[in-house]
Amino acid sequence: MNDYLFLMYDSKHSDAGTDSDWERYIERLVDSGNFSGGSAIGDGLSVSKSGDVSGIAAELSGYIRVTASTLEEARDLLAGNPTYEGDGRVEIRELPRSG
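Computed from a prediction, not measured in an experiment: that's the story for all the values here. (Residues numbered from 1 in each chain as written. Predicted model: local features only at pLDDT ≥ 70, side-chain atom pairs only at ≥ 80, totals over all residues. Heavy atoms only, no water.)

A. Spatial organisation of the layout of surface pockets. Taken as a whole, the largest pocket holds about 200 Å³ of empty space. Lining the largest pocket are 15 residues, with Met8, Trp22, Ser39, Ala40 and Gly62 positioned closest to its centre. If you list the elements that add at least two residues to the lining of the largest pocket, you get helix H1 (19-32), strand S2 (35-40) and strand S3 (60-68). Ranked by residue count, the leading element in the lining of the largest pocket is S2, at 5 residues. Counted by class, the lining of the largest pocket contains 8 nonpolar, 6 polar and 1 charged residues. (1 Å grid on protein atoms, 1.4 Å probe; cavity = no way out; pocket = protein on both sides within 12 Å on 5 of 7 lines; lining within 4 Å. Points joined across faces, edges and corners; volume = space filled by probe spheres on them. Helix = DSSP H or I, 4+ residues; strand = E, 2+ residues; numbered from the N terminus. Nonpolar A, V, L, I, M, F, W, Y, C, P; charged D, E, K, R; others polar.)

B. Fine view of unusual backbone geometry. A positive phi angle, near 70°, is found at Asp87, a position not held by glycine. The residue Asp87 is located in the loop between helix H3 (82-85) and strand S4 (89-95) in this model.

C. Structural context of the pairing of S3. Examined bridge by bridge, strand S1 (residues 2-9) and S3 share 8 bridges and lie antiparallel to one another. The partner of Phe6 across the bridge, within S3, is Ile64. Alignment of S2 against S3, held across 5 bridges, turns out to be antiparallel. If you follow Ala40 over to S3, its bridge partner there is Gly62. (Pairing = 2+ DSSP bridges.)

D. Representation of the nonpolar core in the model. Within the largest apolar cluster, 12 residues are counted, these being Tyr4, Phe6, Met8, Tyr25, Leu29, Ile64, Val66, Ala68, Ala74, Leu77, Leu78 and Val90. Of all the elements in the fold, those that place two or more residues in this core are S1, H1 and S3. Sequence-distant contacts of Tyr25, that is, excluding residues within four places in its chain, are made with Phe6, Ile64, Leu77, Leu78, Ala79, Gly80, Asn81 and Pro82. (Core = buried A, V, L, I, M, F, W, Y, C linked by side-chain atoms within 4.5 Å. Buried < 20%, exposed > 50% of the residue type's maximum accessible area, 1.4 Å probe, protein only. Contact = heavy atoms within 4.5 Å.)

E. Region of the structure containing the confidence of the model for the chain. Taken over all residues, the pLDDT of the chain has a mean of 91, while the share at 70 or more is 97%. Taken element by element, the predicted model of the chain shows its lowest mean pLDDT in H3 (94) and its highest in helix H2 (residues 71-76) (98). (pLDDT = per-residue confidence, 0-100.)

F. Just the pattern of salt bridges, in detail. Inspection of every chain in the model, using the stated rule, returns 5 salt bridges. In this structure, the salt-bridge partner of Arg24 is Asp21, at a minimum N-O distance of 2.6 Å. Of this pair, Arg24 and Asp21 are both found in helix H1, 3 residues apart, which corresponds to roughly one turn of the helix. Here the residues in one salt-bridge network are Asp3, Arg65 and Arg97, joined through shared partners. (Salt bridge = Lys/Arg side-chain N within 4 Å of Asp/Glu carboxyl O.)

G. Structural detail: the environment of Glu94. Locating Glu94 in the fold gives a position in strand S4. By relative accessible area, which is 44% here, Glu94 ends up partly exposed. Taking the C-alpha atoms as reference, Glu94 lies 9.8 Å from Ala68; in sequence the two are 26 residues apart. Glu94 has contacts with Asn2, Asp3 and Tyr4, leaving out every residue within four places of it along the chain.

See the structure below:
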């Protein structure tokens, strides 16, 4: 199994769902054995030693870590995700294993 992150971006045109929607979605991921954690993401800042920064992605609202055999299987796990279903954007990124 591979590890993936769902990076969820809300926009002014998307509907992120209710707490109940999120509870049902997370419960389904837990029950399937694919859930490995996640959180909403609050305000922050972007920094570099040189001072050259472009700001944070204000639309980035949260992440979920899942396990799946393939990228396509990970994508299938988005069914029911309130950000995805509400027309928000979800970026799926593989977490490579090192060593």
